[in-house]
Amino acid sequence: MALSCIIVDDEPLAVKLLESFVAKTPDLELLGSFTDSVEAINAIKERQPNLLFLDIQMPDLNGMELAHMLPEGTKVIFTTAFKEYAFESYEVSALDFLLKPIRYNKFIAAVDKAREWFGRNSLGTVLTESAPVTNSPRTVPNESIFLKVDGEFRQVALSQILYVEGMKDYVMFYIEGQKRPLVTHLTMKSVEDMLPESQFMRVHRSYIVALDKIRSVDRNDCLYIGEEIIRVTEAYHDKFIQYLNSKFPGYKQ
């Protein structure tokens, strides 16, 4: 899959290095490079690249601030010398986090992850329509997310997530086979952006569910998943019924 990209970094040498990486990477098109983040945002909105290689510590407008201003179709791969920003990168749904000095093999791995993300989401409708409502876990090779839990990063397979519950400034990930949820400091919106819509759906202000973990749906549109009963609320009702009708035509008119 061909992807377009823009580089934003206030260090000219870092820009040159990333430009050289892009130049030797097949099907990766560079739309521009910028050392000024304020100047960059206008170009990003105009050119709407698929990917943004973005430094975090920059004058005037830092990378985290810029990431909140991006067009919907642009995804971020952060490039920074400061690993302490890794957790914050998840709050803006970054695809990856490259620690300087960046090696080409790490760069390629991040680009491959981006190709997978864009390929998966461009086919999201097809995948959702073909996915069964079942209690059997779906095998999704090498698909996972990292969550900061109790001060350390934990890798969690998407195929093992039952549902996610929001509670103020925290969210709880309920994992198959685990009695206690994983609690992390995120927003429900950031989690919604992080999880592929072909596999997960928000059905309540406080709940996102794994579609293939739903055991049954009753006449009141309550979902039975794990040991929890989750009610689909009005704000998310139409989208969920549309999903069910794609599995069982005429489920509810």
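Residues numbered from 1 in each chain as written. Predicted model: local features only at pLDDT ≥ 70, side-chain atom pairs only at ≥ 80, totals over all residues. Heavy atoms only, no water.

A. Looking closely at the sheet that holds strand S8 (residues 161-167). Taken in spatial order, the 5 strands make up an open sheet running S10-S9-S8-S12-S11, and their pairing is antiparallel. Of all the strands in the sheet, just strand S10 (182-184) and strand S11 (200-204) have a single pairing partner and so form its edges. Strand-to-strand twist across the sheet, computed as the mean angle between neighbouring axes with direction ignored, equals 20°. The pairing of S8 with strand S9 (residues 170-175) spans 6 bridges and is classified as antiparallel. Its bridge partner lying in S9, Glu 165 is registered against Met 172. (Pairing = 2+ DSSP bridges. Helix = DSSP H or I, 4+ residues; strand = E, 2+ residues; numbered from the N terminus. Axes fitted to C-alpha atoms, helices over the stretch in contact; angles between N-to-C directions.)

B. Here's a closer look at the side chain of Lys 213. Secondary-structure assignment places Lys 213 in the loop between strand S12 (207-210) and strand S13 (216-217). Classification of Lys 213 by relative accessible area gives buried; the value is 1%. At a separation of 2.7 Å, a polar atom in the side chain of Lys 213 contacts the main-chain carbonyl oxygen of Ser 159. (Buried < 20%, exposed > 50% of the residue type's maximum accessible area, 1.4 Å probe, protein only. Polar contact = N/O pair within 3.5 Å; in protein donor to acceptor, adjacent residues only side chain to side chain.)

C. Representation of the side chain of Arg 115. Here Arg 115 is to be found in helix H5 (residues 104-122). Apart from the residues within four sequence positions on either side, Arg 115 is in contact with Met 1, Ala 2, Leu 3, Thr 25, Pro 26 and Asp 27. (Contact = heavy atoms within 4.5 Å.)

D. Summary view of the packing of aromatic side chains. Counted by the stated rule, this structure contains 8 aromatic pairs. Judged by centre distance (5.0 Å) and plane angle (80°), the rings of Trp 117 and Phe 118 are edge-to-face. Each of the two residues, Trp 117 as well as Phe 118, counts as buried. Note on Tyr 163 and Tyr 207: the rings are 6.1 Å apart at their centroids and 50° apart in plane angle, and the pair reads as tilted. (Phe/Tyr/Trp six-rings, centres within 6.5 Å; stacked < 30°, edge-to-face > 60°.)

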